[in-house]
Amino acid sequence: MTTDLPSAAPIRVLLADDQALLRSAFKVLVDSEPDMEVVGEASDGAQAHRLAGERQADVVLMDIRMPGTDGLAATRLISADPELTGVRVVMLTTFEVDEYVVQALRAGASGFLGKGAEPEELLNAIRIAAAGEALLSPAATKGLIATFLAQGGGADTAAGVPGGTHAERLAALTGREREVLVQVAGGLSNDEIAGRLEVSPLTVKTHVNRAMAKLGARDRAQLVVIAYESGLVRPRAD
């Protein structure tokens, strides 16, 4: 006799885009997957913020450019809302690397994806974000992202995070946590970091979680921003 194991709850996805046709296309795609479902649609940022809580969304696919409250403002609202700490935002952009990317990451987005991405890329982005990982579009190189982050200003303030500058917060990290943070900023996964540092992936995960707690970061994407804005990691010239 076999016993069916309970299946994991599907990822709850909220679609935020002012184009109804695009939302419909995304809905068909997402609902076709057994591990995710669309729980709501929003045509502007204010509605996205409200529905993220009402529909208990796990991931919000957020268009940057929307009338009224745009995607950046909505992402800031979600990131600052204590009731929505578990909500992850994936920004959708027409141009994958532009001035909005830096603002999106600083606002609290877990990453971004171009609207021209393949369906599998979009679905993978939802899964990555839901797992709390940082999503940097494959079409945007890490070096280019680093350059945009560096050009975004040098205020070294923890935007949206109380408690002082990033540099001050870095002082609370152990040497190993700093070392892991540098690797995270380089875009490495826990398994890759474990291989480099010759420790177990579980140990790396523990260091990452502790660094996020000490730095007030929601996820790995914010760790990347903090690593560059604090000066711990510098963009390469090449």
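Residues numbered from 1 in each chain as written. Predicted model: local features only at pLDDT ≥ 70, side-chain atom pairs only at ≥ 80, totals over all residues. Heavy atoms only, no water.

(A) Seen up close, the sheet that holds strand β1 (residues 11-16). The five strands lie next to each other as β2-β1-β3-β4-β5, forming an open sheet whose pairing is parallel. The sheet terminates laterally at β2 (36-42) and β5 (111-114), the two strands that pair on one side only. Between one strand axis and the next, the sheet turns by 25° as a mean value, whatever way the strands run. As paired strands, β1 and β2 are joined by six bridges and run parallel to one another. Bridge pairing in β2 links I11 to M36. Of the strands in this sheet, β1, β2 and β3 (59-63) touch helix α2 (residues 45-54), which is tilted by about 140° from β2. Most of the contacts of helix α5 (residues 119-130) go to β3, to which it runs at about 125°, and overall it touches β1, β2, β3, β4 (88-93) and β5. (Pairing = 2+ DSSP bridges. Helix = DSSP H or I, 4+ residues; strand = E, 2+ residues; numbered from the N terminus. Axes fitted to C-alpha atoms, helices over the stretch in contact; angles between N-to-C directions. Contact = heavy atoms within 4.5 Å.)

(B) Up close: the packing of helix α9 (residues 190-197) against helix α10 (residues 201-215). At a minimum axis separation of 8 Å, α9 and α10 run at an interaxial angle of 110°. The orientation of α9 relative to α10 falls into the category roughly perpendicular. Contacts between α9 and α10 pair N190, D191, I193 and A194 from the former with P201, V204, K205 and V208 from the latter. Grouping the constituent residues of the contact of α9 with α10 by class yields five nonpolar, one polar and two charged. (Parallel < 35°, antiparallel > 145°, perpendicular 65-115°, else oblique. Nonpolar A, V, L, I, M, F, W, Y, C, P; charged D, E, K, R; others polar.)

(C) Quick look at the pattern of salt bridges. Overall, the coordinates contain eight salt bridges when judged by the stated rule. A salt bridge links E33 to R127, with the nearest nitrogen and oxygen atoms 2.7 Å apart. Placement of E33 in the loop between α1 (20-31) and β2 and of R127 in helix α5 is noted, with a sequence separation of 94 residues between them. On the accessibility criterion, R127 (27% relative accessible area) is partly exposed. Across the pair E179 and R176 runs a salt bridge, and its minimum N-O distance is 2.9 Å. On the criterion of helical spacing, the pair formed by E179 and R176 is a turn pair, its members being three residues apart in helix α8 (residues 175-185). Where salt bridges share partners, they join E33, D35 and R127 into one cluster. (Salt bridge = Lys/Arg side-chain N within 4 Å of Asp/Glu carboxyl O. Buried < 20%, exposed > 50% of the residue type's maximum accessible area, 1.4 Å probe, protein only.)

(D) Examining the pairing of β1 more closely. Along β1, five of the six residues are buried, which leaves the element largely enclosed by surrounding structure. Viewed along the sheet, the connection from β1 through α1 into β2 turns out right-handed. Where β1 and β3 come together, four bridges link them in parallel fashion. The partner of A16 across the bridge, within β3, is M62. (Right-handed = clockwise from strand over helix to strand, strands pointing away.)

(E) Expanded view of the side chain of R23. Structurally, the position occupied by R23 is in helix α1. When sequence neighbours within four positions are dropped, the list of residues in contact with R23 reads L15, D17, D18, E41, A42 and S43.

(F) Seen up close, α9. Of all the positions in α9, only N190, I193, A194 and L197 are classed as buried. Buried residues of α9, seen end-on, are gathered within an arc of 105° and therefore sit on one face of the element. Opposite the buried face of α9, at more than 90 degrees from it, the exposed residues are D191, G195 and R196. Tucked into the core, α9 has its buried residues touching α8, α10 and α11 (220-229). Positive backbone phi, approximately 60°, marks E198, located one or two places after α9. (Arc of directions from axis to C-beta.)

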